[in-house]
Structures are given as C-alpha cells and as structure tokens.
Amino acid sequence: MIEVSMCSSSGSGEMSAEEERVLIRDIAISAEANSKEGDNFYLITQRWWQHWIEYVNQEQANNANDGFSLMENCDLVGSSKRPSSIDNSGLVYDATPEDSHVGTEIHDSLLEGRDYVLLPQEVWNQLYSWYGGGPTLARKVISSGLSQTDIAVEVYPLRLQLLVMPKSDRSTIRISKKETIGELHKRACEIFDLNSDQVCIWDYYGHRKHALMNDMDRTLDDANIQMDQDILVEVLNNVNGGLSASKGASKSCSAELSQGQTLTSPGGELDNTYGVTGVSTRGSSGGLTGLQNLGNTCFMNSAIQCLVHTPEFAKYFREDYHQEINWQNPLGMVGELAIAFGDLLRKLWAPGRTPVPPRQFKAKLARFAPQFSGYNQHDSQELLAFLLDGLHEDLNRVKHKPYIKSRDADGRPDEEVADEYWANHIARNDSIIVDVCQGQYKSTLVCPVCNKVSVTFDPFMYLSLPLQSTTTRSYTVTIFTFDGSTLPFPCVVTVPKQGRYRDLIHALNNSCSLKNDEELKLAEVQNHIFQRFLEDPLISLSTIKDDDHLAAYKIPKLLNKGILLRLLHRRQEREPNDTQATSRWKPYGTPLLSTISCDDLITRGDVQTVVHKMLSPFLKAGSSGHADITKSNKSLVASDVCHDQNSEGACSNHVSDSVTADGSGAKVSTLKLPLQLVDESNTCIDLSVGEEKAIKLSGSATTIIVYLDWSQELLDKYDIRSLENLPEVFKYGPVSKKARSEPLSLYTCLEAFLREEPLVPEDMWHCPQCNERRQASKKLDLWRLPEVLVIHLKRFSYSRSMKHKLETFVNFPIHDLDLTSYVANKNSTGRQLYELYALTNHYGGMGSGHYTAYIKLLDENRWYNFDDSHISLINEEDVKSSAAYVLFYRRVKTHNAISNGGRFGEGHSSSQK
C-alpha cells in the first residue's frame, strides 16, 4: 500500500482541493498501473465521486485529466463546496434475509459509471481517511478472459443457495467464482456446523444432481457453477450429532427431498429473495414490464425485449407451445431454453408487473452458452443469434432429420432450384423461428480462372449489413529500395475496398514509378520477420487487417539465375530474471529484401557487398563503408536458430576488417559486417571471414536467409531508427463531427452487402470444372423474404490487436422499407414493404457502454424506451440515432402478396433487380 503524507503545503491540517486532486491522481495512476489478481478495489457511489471531482477541479475545469482514468467519465464542472462523508447507502439493500451469510448486499442492477466507480484500495483508503462514511464495499480482482491473462474486478461474486439434506436447512452465501470447491465445502460445513468428513456437495442446478463436487482444487468457474443456483449439501452419516444445530441457518424451510434427487423450494420462485420492488410500470397494459439489470446484462435485456414484443412470438409462447418442444434434438437444449424463454415472456406480458429479474433465464443461457456466463458486457447481436438458433432447435417440429443431397442447378430455372432448396431446408428445419424469421437468398459464385458459375439458394436468419459509405479503402505501405538509393518511406494508396492483391500491387507500382527491369515484392511483417508474401493476385484485400504492417521492396526482376536475399536484424537483449546477466540475440527491426545473382558461384564477399548496398542509406554522416575497426566483440550466447557448434566461428558476433585497395592503390580497411547465413541444414555460417569462400546452395534454392547482428559499435555508424517500426495499414483516429453527422442510407448498406466480392481464403470454393480450390467471386441476391426481417448494422470491427466502433448515423426507414427492387424472384408480384417495430441501441465504446431497446406497442401505436427496468414513452422522431444497432421489421401485408408456403403467409413479390 502506498504511504501518503497528510501534511498540507499551506501548513493547515486540511488539504486544499487542488492538493487532494493531485495526491489522489498520483496514487491512482500508480495503483492502476500495478493492479494484479487478488488486489482489492472499492465501490463508491457515482454521485459522491462526481461531487468530489467537481470540488477538486474548480480550478481545472478546462484542463485535461492528467492521465487520471477515474476522471474520464466525469463532467469537470467546478463546485466550491467540499463533499460530506462518503455515503454508499444507495448502493446496498436496507436489510439482509435471515437465512443469508452474504453480509452487506449491493443492488443487483448497478452499472459501473452510472451508479458506482471502482477505486483502487490506496485511493479508497486515502479518501476514507479524509471523509469517513461508508459502508465499505470491497471487491477482489480476479483473472478473466479465455486465456485467464486479463484481470477484472468481481463486483458480483457468485450467490449460491446451500440446501442441506436430510435436515432441509438452507442458507445463502457469496463466494468468488475463482474460489475452489474445497473452500465452498469448508464454508458449508462452518455455516451448518457439520463434520467435513461426513459431507459431500453436489452441483444441484435446477434441483437435479448434476455432478458430485469432489475435486477440491477445481475452481467454481471451471465447474460451471452459475449465479443463484443451488448447491446440495449432503450429510452422509447423520448419527451421533453429526448434524447438529445450524449456526444461524434458517429453520423455517419445509423443503423435502424426494429420492435424493428433487428439492421443492419453499416459497416458490426465488426471484425476489431480497425484496427488490423496482418501479411500477405505466398503467396495467401488458408488455410494459422491464427487466432488472443483474450486472452488465443490458445486452441480454434489450435483445429479449425485442423478441418478446415480436407479435408472432408473443402469441405463440403465451399459448400451449410445449407440444412442439423437441426433447430429443441433439442440436437443441432439451427444451430448457424454450421453456425458460417462454416463462420469461409470460411474466413480461402479465399486466401490472414490477420489473422482472431474469435470473433463471440467464442461468439457463449460461448453462448452454458459457460465453455469456458471468457479468461481463457482451454483444447483443451475438446473443440474439444464439437465442434464435437455440429456440429453433428446441422447437424444431422435425424429430428425425432426413439426409438430403442437393442437386446442381444444371441450367434449370432459378425458381425451380430455389423451391427445391427451400423444400429441402423445411424438411429438416421447421419451427416457429423458421416461420417468422428465416428467408432465402441466392448465392452466385464465379471461378476467377475458368469462369464456372455455381448457383445455390441458402437460408438466412438475419442480414448483417456493413456500414461503408465509400467503395474504396486506403492502405499505408512502407517502400524499401534494394540499391540503397533512398531511405524507406511510407506510401498511401487508395484501391477498391472489395479488390484483390493485384489492385494494391498495381497502385503501388504506379506510386513508386517502377522501372521495366524492377518488380515489387509485397510482404506482411510481424514480430520482425516476414509473416507472408502477398503474391497471389486473386486473393481478396479483405484478408489484410487494419493493424497489419506491410512493406514493399523494389528489387530487380528475378532472372533464371537469381535468388532472393532476406536480411533479418537482431540485437542483444538481456534475458528477464537472468541472474547471470547474459544476453541473447533477438529479432529486431524490419527485415530487408534484395536479389543476388548466381550466374557463377556466390561467395561470402558477394553477400557482404549486397548487404552494404542495402544499408548505405542508413549510414550516419561522417561514416562510410570503410573503417578501421580492429576491436572484436566478446563471444555471446548463440541464437536459437544456430545449432552447428562444430562450425568454426558459428554464431559468434564480431566485426572484422580486411585490407583492400581503393582507386588510388592505397590500402584501406573495409568494414566486414557480422553476418550469419543459415543454410538449408539450419547451420550458421559466419560471412565476416573468408570472403572468397563459395556458399553452397542446392539447385532448387530460391532464397537465402542472412542475419545481421547489430552490436553497439555498429549502431554507432548507422542510424536505423526508420527500421524499428512500420506504420499500420490503417490507423484509426477520432471520428470527426462531420463524419458522424453524415447520414448513411440503409439501402446503401444493403447494396454493399449484396455487391459482388471475392471470398476470404478460409472460404475458398472448390471449382468442379478446375478441380481446384479457388477464391471465387460471390454475389448475393434476396430471394425469399421472412415475415420478420432482422437487420444487424455492423458497428463493431475487429482486428488482431484492437476493436473499433463505428458511430455512423444510418438513416433507416421507420415506415415503408421497400425491398422490392432487391428481390431477384421473377415470380413475385407486388411490393415488398416492411415497417419498423423494434430496435436495440448501443451507447458508448467497445467492451463497455450500454444497451437499450426502442419498441413500438402495436395496439397503442406508441414507441417506448426500454432501459432495463425503466420504461418511458418516446416520440417516433427520436427513434433514429447513431446508436441504432439491430433493427426489427415486420412485413406490411399487401393485396398482391403471394404465399411462399410459410406458416404466416409470407408474400414474396418483386420485379427483377
């Protein structure tokens, strides 16, 4: 813990506002930088924190936050009044149930940044010493993420119901999901005063014995224990007082166990265990019930509300749908997901209900989709996709799916082929989800080599539309020359967004003024080595990510007797935690590329000459390729790539010199670079000695790899800072106000989705005519539209190291979304019109932010904002915003609409696009 002096510069006992601000800032920056698993963070109410921020920033209102991340979400409006004592009472429940061992409980629906702020322990201690108050709400830092390398504060530890058999006592506890089963076993024995040797505990999810929890070292997270689930504490030998009076456990329960398997919960549902009353909804009209936020579950709440308010689903799940549950479907969830969703829907449509805590549904969701477990923020569209697919499989009317082999089109009319594909699909997939949400599009593939055309008709559940207002994309590529004529320089070119490698290479050729006897080698550089060469002209540019690093090398055109020389750089780095202070050669900088002629033999001196030429632009002023360097470096630890310990001088690093004659006949000393060549047998050859010696290469060799070890004395002669880092292909910056305000039509997004583009490499198509895998061009056309059309606006883009959110405003129709011209089915007649009835919104940045839903109650013809448990009336003109994320449209019935055989009489009518 950081020790903080309490002395004031003014000499008084109380610090000034500015002194408090600076001290807390310094403590916070230090504490956050050193946060680790096991540390404590403390909740403090957002209201008090905001007041303190305003108080200490009364002279800093217009200044930056000095890197103090805890101030990022606060408005720096100065206030001269010093806050009173810390008051966290608004974060906690007034009372704790008698059968609880959880201590002070915070409300289930709190959101970081809205209700509270998390402070490192050092910051809390300092503020508490100044202001006092409370209650103190400490939370542990735990490991998180798939690799368990990230850390997060566990604001909501697991809340578990402990149920004792046979005495039927119960108690509620809080325990970290990173605690072990052994710790849970120990706490259960302490709470109920049990002998640990006579107790075993069970995963009692859904009041069923799922698994005996006997691996004491396994964490509860690894055991897939969920929030608010039951844990059965089974006493094996209830004799001689083995089960004594419980320590504080409730004795009021009358639960009885049947055959050791089923436990009936006293008091029915446990949704309102802690007396959460919420806010009453408006009137008694059905469908105006909110969902409590259980901790970052707004992503789930918003998606659920949109589905619940889909009229076809509201009608279906309020009737007897159990007869359609497919209990045997191996792809389903044994009906549990459908039942949980149906139960939740009925609660939300019950009149006069207070906000519903969706704990049971979330537990089921986490059970079958562990990626949504815990209380981290998730993508509502990803949840929606899983939920629609899961409900379909649970409610699939097809109990035994037949095997159907699709026939090729073979020149048959599209209408005939499309109907055949749809019939085959319905033969295996027939549910309320298919009836309402599934459509069909035509997919056309064209082989780039033989022009073979393949047509298929595939189902879709939703459309994911790209938010691209232009059809071009800029690429930043660093250009290197082989002859040392210039330093490397960045080159920015603009090419079609849906283009191929040949388009980028052609643009670079023009920008570099390439000569007839030169060619450009384009490569991706990663971790200081060549990751790949971008040579196949037909590969899609979509395979190049925004955070990739590209280099283009101008080299002479390779003739029959030329090979490529790859020059990789290394420098000394001390091994971490190495008490011997030894160093190793590690990859460094940007590799270089050139060619070397092999008409006759290639000697070590030839390689030295080529490398000198490549490095000549980096020579410092006053330095030259001639130097009198006689002092050698000490021998160092060999690199991992060098294994030949018998080769004389292999992998040692030294700078030598040889005597040659210049033009006047004078003797000068030529700098010999410390080059190591790795031959085909992975043997290192020292190229700084024996310059006349020939390098043995096989007849099939096309490349040689040479390492240059940069010693300090060599770095004194060259300035290679321009080799250290390559710029990213595309660097995201702040979005300008102009860019944010420029609207993008939903129709433009749809056209970009349907536009022809090359497949990505992982989706390579096997051309039956070429009998090869090809990166074919793919074009989509809408063919059969669903009753409810779900449109996902792809606001989030992902790269290997970063995630980005597009704040683009999309101008989407609320009424009369007309898709007539986009439907390729010639047999369709009439217009394809849709009306918006629901959408989800996402506010904020990646990995955080907040989700809400806008929903139109059709019987009232009014729009409402569903913000977790809070529901408010909004105007229709306020529905459109740059936060719109997933749109839900219903078909507008027209007199000319024809049925495609769907349960709800879908009309698919259009003119040819």
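As a reminder, the structure under discussion sits directly above these lines.
Every value quoted in this text rests on a predicted model; they were computed, and no experiment measured them.

(A) Up close: the overall build of the protein chain. Scanning the protein chain from N- to C-terminus turns up 16 helices and 44 strands. When the 913 residues of the protein chain are sorted by exposure, 51% land in the buried category. The contacts of the protein chain with a sequence gap of at least 6 include a subset with a gap of at least 24, amounting to 72%. Carbon and sulfur atoms provide 47% of the accessible area of the protein chain, an area that totals close to 42100 Å².

(B) Just the nonpolar core, in detail. Judged by nonpolar contacts, the single largest core of 57 residues is most densely connected at Phe 313, Phe 341, Phe 361 and Phe 888. With sequence-adjacent residues up to four places away left out, Phe 888 is seen in contact with Cys 306, Leu 307, Leu 384, Leu 789, Val 790, Glu 835, Leu 836, Tyr 837, Ala 838 and Leu 839. In this structure, Val 525, Ala 551, Val 611 and Val 706 belong to the second largest nonpolar core, which totals 43 residues.

(C) Spatial organisation of the packing of aromatic side chains. Counted according to the given criterion, the structure contains 22 aromatic pairs. Ring centres of Trp 49 and Trp 52 lie 5.2 Å apart, and the angle between their planes is 25°; on these two criteria the pair is classed as stacked. Here the residue Trp 49 and the residue Trp 52 both occupy positions in helix α2 (residues 46–56), the gap between them amounting to 3 residues, near one helical turn. According to the relative accessible area criterion, Trp 49 is buried, its value standing at 0%. Linked through ring pairs, Tyr 316, Phe 317, Tyr 321, Phe 341 and Phe 361 together constitute an aromatic cluster. Sitting above the plane of the Trp 202 ring, Lys 209 keeps its charged end 4.4 Å from the centroid. The cationic tip of Arg 318 hangs over the ring face of Trp 349; the distance from NZ or CZ to the ring centre is 4.5 Å.

(D) Inspection of the sheet that holds strand β23 (residues 562–574) at higher detail. With mixed pairing, the 5 strands of this open sheet are ordered in space as β24-β23-β29-β27-β28. Two strands bound the open sheet, and with one partner strand each, they are β24 (583–597) and β28 (684–686). Shown here is a sheet whose adjacent strand axes are inclined to one another by a mean of 25°, direction ignored. In the sheet, β23 pairs with strand β29 (residues 703–710) via 8 bridges, with the strands oriented parallel. Note that in β29 the partner of Arg 570 across the bridge is Asp 709. Where helix α13 (residues 604–615) meets the sheet, it contacts β23, β24, β27 (675–678), β28 and β29, and its direction lies at approximately 100° from that of β24.

(E) Structural view of the packing of helix α6 (residues 311–318) against helix α7 (residues 336–349). At a minimum axis distance of 9 Å, the contact between α6 and α7 shows a crossing angle of 105°. With respect to each other, α6 and α7 are oriented roughly perpendicular. Along the contact surface, α6 presents Phe 313, Ala 314, Phe 317 and Arg 318, while α7 presents Ala 338, Phe 341, Gly 342, Leu 345, Arg 346 and Trp 349. For the contact of α6 with α7, the per-class residue count stands at 7 nonpolar, 1 polar and 2 charged.

(F) Fine view of the pattern of salt bridges. All chains considered together, the criterion is met by 32 salt bridges. Between Lys 209 and Glu 234 there is a salt bridge, and its shortest N-O distance comes to 3.2 Å. Within this pair, whereas Lys 209 is found in the loop between β10 (199–203) and β11 (211–212), its partner Glu 234 is found in strand β12 (residues 230–235), the two being separated by 25 residues in sequence. On the accessibility criterion, Glu 234 (12% relative accessible area) is buried.

(G) Fine view of the sheet that holds strand β22 (residues 550–556). Strand order in the open sheet formed by 5 strands is β19-β18-β22-β20-β21, and the pairing between neighbours is mixed. Edge positions in the open sheet fall to β19 (489–496) and β21 (529–533), since each of these has one partner strand only. Adjacent strand axes in the sheet meet at a mean angle of 45° when their direction is disregarded. One ladder, built from 4 bridges, connects strand β18 (residues 472–481) with β22; its direction is parallel. In the strand pairing of β22, Ile 479 is matched with Ala 552. Sheet contacts for helix α12 (residues 501–511): β18, β19, β20 (518–526), β21 and β22; angle to β19, the most-contacted strand, approximately 135°.

(H) Structural detail: helix α16 (residues 746–754). Within α16, burial applies to Leu 746, Cys 749, Leu 750, Ala 752 and Leu 754. One side-chain oxygen of the residue at the start of α16 lies 3.1 Å from the amide nitrogen of Tyr 747, identifying that residue as Ser 745.

About the criteria used
Residues numbered from 1 in each chain as written. Predicted model: local features only at pLDDT ≥ 70, side-chain atom pairs only at ≥ 80, totals over all residues. Heavy atoms only, no water. Helix = DSSP H or I, 4+ residues; strand = E, 2+ residues; numbered from the N terminus. Buried < 20%, exposed > 50% of the residue type's maximum accessible area, 1.4 Å probe, protein only. Contact = heavy atoms within 4.5 Å. Areas by Shrake-Rupley, 256 points an atom, 1.4 Å probe, with all protein chains shown as cover. Core = buried A, V, L, I, M, F, W, Y, C linked by side-chain atoms within 4.5 Å. Phe/Tyr/Trp six-rings, centres within 6.5 Å; stacked < 30°, edge-to-face > 60°. Lys NZ or Arg CZ within 6 Å of the ring centre and 35° of its normal. Pairing = 2+ DSSP bridges. Axes fitted to C-alpha atoms, helices over the stretch in contact; angles between N-to-C directions. Parallel < 35°, antiparallel > 145°, perpendicular 65-115°, else oblique. Nonpolar A, V, L, I, M, F, W, Y, C, P; charged D, E, K, R; others polar. Salt bridge = Lys/Arg side-chain N within 4 Å of Asp/Glu carboxyl O. Polar contact = N/O pair within 3.5 Å; in protein donor to acceptor, adjacent residues only side chain to side chain.

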